[in-house]
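In case you want the letters, here they are:
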Amino acid sequence: MMGQVVKLEKAAVDNKAAGLGPGGAANDSSIAVAPPAIKPRRTLAWTPARIGVYGFLIVAALFFLLPLYVMLVTSVKPMEEIRLGTLFALPVHATLEPWLQAWQSACTGLECNGIRGGFWNSVAIVVPSTILSIAIGAVNGYALSFWRPRGAGLLFAILMMGAFIPVQVMVYPLVRVLAAVNLFSSLPGIVLIHTIFGMPVMTLLFRNYYAALPMELFKAARIDGGGFWRIFLQLMLPMSTPVIVVAVIMQVTGIWNDFLLGLVFAGSEHLPMTVQLNNIINTTTGERLYNVNMAATILTSVVPLALYFISGRWFVRGIASGAVKG
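Note that the structure is predicted; figures quoted are calculated from it, not measured. (Residues numbered from 1 in each chain as written. Predicted model: local features only at pLDDT ≥ 70, side-chain atom pairs only at ≥ 80, totals over all residues. Heavy atoms only, no water.)

> Can you help me understand the nonpolar core in this one?
What tends to happen in soluble globular proteins is that the nonpolar side chains get buried as a cluster. The biggest cluster of nonpolar side chains holds 26 residues, and the ones touching the most others in it are I115, I193 and F265. If you list the elements that add at least two residues to this core, you get α5 (116-147), α7 (167-180), α8 (187-211), α11 (241-256), α12 (260-265), α13 (273-282) and α14 (290-323). Residues within four places of I115 in sequence aside, it is in contact with A102, W103, M273, Q276, L277, I280, A296, L299 and T300. (Core = buried A, V, L, I, M, F, W, Y, C linked by side-chain atoms within 4.5 Å. Buried < 20%, exposed > 50% of the residue type's maximum accessible area, 1.4 Å probe, protein only. Helix = DSSP H or I, 4+ residues; strand = E, 2+ residues; numbered from the N terminus. Contact = heavy atoms within 4.5 Å.)

Below, the structure written as structure tokens:
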């Protein structure tokens, strides 16, 4: 008996020395855990294909950024520096006087009130045109996707034909129609024109978005007693934020950058900013002021650029959420 006790005590001492627990089990507190193996950092292989891709991207970026750089630099140079012909050089004596002159006192024909009048005219055209075209397009897309009235396919085909007809083909008939109803050369007339031309694309945009939504939502709302306008206003419209953002960006940039329709239908009292910019560039009394022209050009493009920078993330999100699915 005593011999067995001695053997057990000796085994316990050996296990303790070896880092084992009672009965020969491993002692977790005494086992050293090996550190995880560090994977070597993957080096970037400069293959000919990768070099070609980066080279193309750099050239494309320079192609778009170089004119913007020239415009910005020229717009803050005095005419004395511009006459030296240093197109890409930074200004020695930078000045904001060309910007003030372009906004307040540049000549747009017989009047020298700057481009600010065209800015407010563009705002007065863009806001109602965007709201009306999106509202009508949303209702059309909702009706064509869920209610599907008789002749819906034919109506949709006609709208799509209108989206692909060149604007220049329809200018003269629209002039005659607006003149007959006393809307030619007026603010309501140009708003109506932009609403008509924006409606087919907006209908297509919203129809494709609503077609990607589950039909079960609409059927459940119908079972609950929802009618046409109640389902649209309380169910479909709150779910349409991504596509509405896409539609706003498309309409605002398209209407703001329009030149032909504003020139023909707006009238002399409501000329948009793009037409006023053309008048500033083509109106010269003596020396051509390139710095003022560049400043006026940048001022004209501020609204579309700001819209893209501010809501570009929402635009991509709206596209990814099904805004152009069909």
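> How should the confidence of the model for the chain be read in this particular structure?
Detailed reading of the predicted model is not advised wherever pLDDT is low. Looking at the chain, pLDDT values average 83 and 83% of them are 70 or higher. Within the chain, the lowest mean pLDDT, 48, falls on helix α1 (residues 2-18), and the highest, 94, falls on α12. The model gives residues 1-9 a pLDDT under 50, and that stretch makes 0 contacts with residues more than four places away or in other chains. For the stretch residues 23-30, pLDDT sits under 50, and the model shows 11 contacts to residues farther than four places along the chain or on other chains. (pLDDT = per-residue confidence, 0-100.)

> Where do I start with the environment of F259 in this structure?
With respect to the helices and strands, F259 occurs in the loop between α11 and α12. The sequence separation of F259 and P272 amounts to 13 residues, and the corresponding C-alpha distance is 7.8 Å. Not counting residues within four places of it along the chain, the set of residues in contact with F259 comprises T274, V275 and N278.

> Sorry if this is basic, but what is going on with the environment of V248 here?
For V248, the position within the fold is in helix α11. Relative accessible area serves as the criterion here: at 28%, V248 is assigned to the partly exposed category. Sequence separation of V248 and S133 is 115 residues, and the distance between their C-alpha atoms is 9.6 Å. Aside from chain neighbours lying at most four places away, what touches V248 is T130, I134 and L307.

> Honestly, helix α2 (residues 48-75) in this entry has me stumped. Any pointers?
Because an α-helix packs 3.6 residues into every turn, residues spaced three or four apart end up facing the same way. Relative to the 40 Å expected for 28 residues at 1.5 Å per residue, α2 spans 40 Å between its end C-alpha atoms, a close match to the ideal helical length. At L65, α2 shows its maximal kink, close to 30°; a proline, P67, follows between one and four residues later. All buried positions along α2 are accounted for by V70, M71, V73, T74 and S75. (Expected span 1.5 Å × (residues − 1). Bend = angle between axes of the 7 residues up to and from the residue.)

> For this particular structure, what's the right way to read the packing of aromatic side chains?
Working definition: an aromatic ring pair is given by the centre-to-centre distance plus the angle between the planes. Taken as a whole and assessed by the stated rule, the structure comprises 18 aromatic pairs. Taken together, a centroid distance of 6.0 Å and an interplanar angle of 50° make the contact between Y142 and F146 tilted. You can see Y142 and its partner F146 sitting in helix α5, 4 residues apart, about one turn around the helix. A relative accessible area of 0% means that Y142 is categorised as buried. For F146, a relative accessible area of 7% puts it in the buried group. Ring centres of F146 and Y210 lie 6.3 Å apart, and the angle between their planes is 50°; this geometry places the pair in the tilted category. Taken together, the residues span a long stretch of sequence, with F146 in helix α5 and Y210 in helix α8 at a distance of 64 residues. The burial state of F146 is the same as that of Y210; both residues are buried. Members of the aromatic cluster, connected to one another through ring pairs, are Y142, F146, W147, F206, Y209, Y210, F218, F228, W229 and F232. A cation sits over an aromatic face here: R207 above F156, 4.4 Å from the ring centre. (Phe/Tyr/Trp six-rings, centres within 6.5 Å; stacked < 30°, edge-to-face > 60°. Lys NZ or Arg CZ within 6 Å of the ring centre and 35° of its normal.)

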